[in-house]
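Residue strings, one per chain:
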Amino acid sequence: MRDNMTSRRILALFLPYLSTDRLARQRGRDDAERPRVVIGSQHGGMRLFAVDRRAEALGLAPGLPLADARAFLGPAAGALEIAAADPAADVACLDGLAAWCGRYAPWTVSDGVDGVWLDITGSDHLYGGERRLIDDLTARLSRLGYVARAAIADTAGAAWALARHGAEDITVVPPGLEATRTALAPLPVAALRLPSTVVEILERLGLRCIETLHALPREGLAARFGDLARLRLDQALGAIAEPISPRRPVAPWRTRLTFAEAIGTAEDLARIVERLLADLLARLAANHLGARRLALAFYRVDGATAEVTVGASRPTRDARALARLFAPHLETIHPGFGVEAATLDAMMVESLLPAQLGFGPTWTDADETAVDLAPLIDRLANRLGPDAVFRLALRESHIPERATRRVRATDRVPDRARDADDAAARWSDAQRPLRLLPHPEPIEATAPVPDDPPILFRWRGCVHRVRRADGPERLSPEWWRIFGVPAALRTRRTNPRDYYRVEDIAGHRFWVYRDGLFRNDAPPRWFLHGVFA
């Protein structure tokens, strides 16, 4: 086992009365209300799923049948307030609290039941140390109406155990292996997040606290009680890393603002965005980076969180352009009773070196043209959605309908097929139409000689007499796509195509092709594939 612990510091929150606290906030009752319990159907009867502090003080506990609870209380049972369990609402409430905890650290995640983990590594100095951070967090939760216990340790397992089974409501374990071992030693074995069956076996054998497990050989512990007992112990002590994914990816760059008084006007929110952008972009500029995706979060006084994400098609440090992207979203944010903190995360950054300017008005560069289009693409994509704005990227195929593909305009495309300009250039060199039909449409064509272009054709009920024609351009099938396919299933994908550019007497230009070679037993078919501008 390692003597030096990891440099991470994990804060674990435990909300023992989450369900009843949520109901109290929802109903707006004061602290003098009746004892409350949450019930649900289990094992063929109604049981207590959760109790509040007043009901717990009367001797009630989760898992107790409702009939037994009423009988235990006797005449006082009439004062009991009963509510139906709503697990989905509890999970949503816990996830909202995990998002609200993002004001303290970018790495947060709920355990899905009654707790939240925060990785506060490098964040405690913003509050004057770990003790002040945990005190501020629990005090704000108390004002919101939630009873909370919390602990800080080097590992998620140790922090979880101390938050739920520690002697104090708030525990801060100093960094280091020995401090963690000492803090965990008196805790019950249930603090290792073991199944109840394993806990019962350990307690029956006299192994009631974690300290008694330290003396057991790891191989013997795994052989008698399963690998999970050894794994949880080693994870709590930091000997084995415990993978826990945050609720959203941790941003490599973050800036934050807190306010002495809550703010709530649209003008104030816009000024907050400007200040956050100025600070974040200055730090990115110092490191020659530009932002591709930004996440803005407002933390309200009532514990709710409003989040906005915008993206850019190219890395940028243009504060005005980014502020314009945020502006439409700010109009939809409801500040509630006010916003008391805000954070701005650069979720995706890329290298952005200073660009060389051109020499005079004749300077023409494809990259500069693309940069000019970037603000328009960004505004459309952030207003309509990233999937609503697309561009063409080249694909390694000479078959027209497969030569390009749609990609989101804000996505990064490889340099060899960077944007639609490259695709258009290839089509232009081949003198092909920029607009293709969704699918080639069959036409009735007449050609004087089998290998000649048509002299007239019928398309969508209209007859077009050809005045000029150019071609053919022969495209052979992609043999690798039909290799191994039975002949009966190949249909016409094995036929070559002869494409012609034709113009009718009205001046309309079309792109048609003959599918297959001329044979007496199977004459070729003609299709119209595109229309020239």
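Bear in mind that the values here come from a model prediction, so they are computed numbers and not experimental data.

Draft legend 1. Quick peek at the pairing of strand β12 (residues 339-351). Extensive coverage of β12 is indicated by the burial of 10 of its 13 residues. Both strand β9 (residues 253-263) and β12 contribute to a ladder of 7 bridges, which runs antiparallel. Its bridge partner being in β12, Trp 253 is matched across the sheet by Ala 346.

Draft legend 2. Main features of the sheet that holds strand β3 (residues 45-51). Pairing within the open sheet is mixed, and its 3 strands lie in the order β3-β2-β4. If you trace the sheet from one side to the other, it starts and ends with β3 and β4 (81-84), each paired once. Averaged over all pairs of adjacent strands, the angle between their axes in this sheet comes to 40°, without regard to strand direction. The pairing of strand β2 (residues 36-42) with β3 spans 6 bridges and is antiparallel. Within β3, the position partnered with Val 38 by the bridge is Ala 50. Relative to β2, helix α1 (residues 18-27) is tilted by about 120°, and along the sheet it contacts β2, β3 and β4. Sitting on the sheet, helix α3 (residues 66-73) touches β2, β3 and β4, and the angle it makes with β3 is about 70°.

Draft legend 3. Representation of the packing of aromatic side chains. By the definition in use, this model includes 8 aromatic pairs. Relative to Phe 510, the ring of Phe 457 lies with its centre 5.5 Å away and its plane at 85°, an arrangement referred to as edge-to-face. Placement of Phe 457 in strand β16 (residues 456-459) and of Phe 510 in strand β19 (residues 509-515) is noted, with a sequence separation of 53 residues between them. For Phe 457, a relative accessible area of 1% puts it in the buried group. Ring centres 5.9 Å apart and planes at 35° place the aromatic pair Tyr 500 and Trp 526 in the tilted group. Residue Tyr 500 is found in strand β18 (residues 497-504), and its partner Trp 526 is found in strand β20 (residues 525-531); the two are separated by 26 residues along the sequence. Like Tyr 500, the residue Trp 526 is buried in the burial classification. Members of the aromatic cluster, connected to one another through ring pairs, are Tyr 499, Trp 511, Tyr 513 and Phe 527. For the cation-ring pair, Arg 193 lies above Trp 160, with the distance from its terminal atom to the ring centre recorded as 5.8 Å.

Draft legend 4. Looking closely at the packing of helix α10 (residues 218-225) against helix α11 (residues 227-237). The contact between α10 and α11 brings their axes to 6 Å, and the two run at 135°. Judged by the angle between their axes, α10 and α11 are oblique. Touching Arg 218, Glu 219, Leu 221, Ala 222 and Phe 225 of α10 are Asp 227, Ala 229, Arg 230, Leu 233, Asp 234 and Leu 237, all from α11. Looking at the contact of α10 with α11 residue by residue, the classes come out as 6 nonpolar, no polar and 5 charged.

Draft legend 5. Molecular detail of the environment of Ser 476. Tracing the backbone shows Ser 476 in the loop between β17 (462-475) and α16 (479-482). Ser 476 gets classed as partly exposed once you look at its relative accessible area, which sits at 41%. Put simply, Ser 476 and Pro 496 are 20 residues apart on the chain and 4.5 Å apart in space, counted from C-alpha to C-alpha. Among residues more than four places away in sequence, those in contact with Ser 476 are His 398, Ile 399 and Pro 496.

Draft legend 6. Inspection of the nonpolar core at higher detail. Trp 117, Leu 184, Leu 202 and Leu 213 are the most contacted members of the largest nonpolar core, which has 35 residues in total. Sorting the residues of this core by element identifies β1 (10-14), β5 (107-110), β7 (149-153), α6 (156-165), α7 (177-184), α8 (196-204), α10 and α11 as the ones contributing at least two each. When residues of this core are assigned to their parent elements, the largest contribution, 7 residues, is made by α6. Beyond its immediate chain neighbours, meaning those up to four positions away, Leu 202 contacts Val 189, Leu 194, Leu 207, Leu 213 and Phe 225. Core analysis: the second largest hydrophobic core is formed by 29 residues, Trp 100, Cys 101, Tyr 104 and Leu 137 among them.

Draft legend 7. Inspection of the environment of Arg 248 at higher detail. Looking at the secondary structure, you find Arg 248 in the loop between α11 and β9. Residue Arg 248 is classed as buried on the basis of its relative accessible area, which comes to 17%. With sequence-adjacent residues up to four places away left out, Arg 248 is seen in contact with Arg 254, Ala 295, Glu 307 and Asp 345.

Draft legend 8. Layout of the pairing of β17. Across 4 bridges, β16 lies against β17 in antiparallel orientation. Looking across to β17, one finds that Trp 459 is bridged to Cys 462. From the end of β16 to the start of β17, which pair antiparallel, there are 2 residues, and Arg 460 there has a positive phi angle of about 55°. In this structure, β17 lies alongside β18, joined through 7 bridges in antiparallel fashion. Residue pairing across strands places Asp 470 opposite Arg 501, the latter belonging to β18.

Conventions we followed
Residues numbered from 1 in each chain as written. Predicted model: local features only at pLDDT ≥ 70, side-chain atom pairs only at ≥ 80, totals over all residues. Heavy atoms only, no water. Buried < 20%, exposed > 50% of the residue type's maximum accessible area, 1.4 Å probe, protein only. Helix = DSSP H or I, 4+ residues; strand = E, 2+ residues; numbered from the N terminus. Pairing = 2+ DSSP bridges. Axes fitted to C-alpha atoms, helices over the stretch in contact; angles between N-to-C directions. Contact = heavy atoms within 4.5 Å. Phe/Tyr/Trp six-rings, centres within 6.5 Å; stacked < 30°, edge-to-face > 60°. Lys NZ or Arg CZ within 6 Å of the ring centre and 35° of its normal. Parallel < 35°, antiparallel > 145°, perpendicular 65-115°, else oblique. Nonpolar A, V, L, I, M, F, W, Y, C, P; charged D, E, K, R; others polar. Core = buried A, V, L, I, M, F, W, Y, C linked by side-chain atoms within 4.5 Å.

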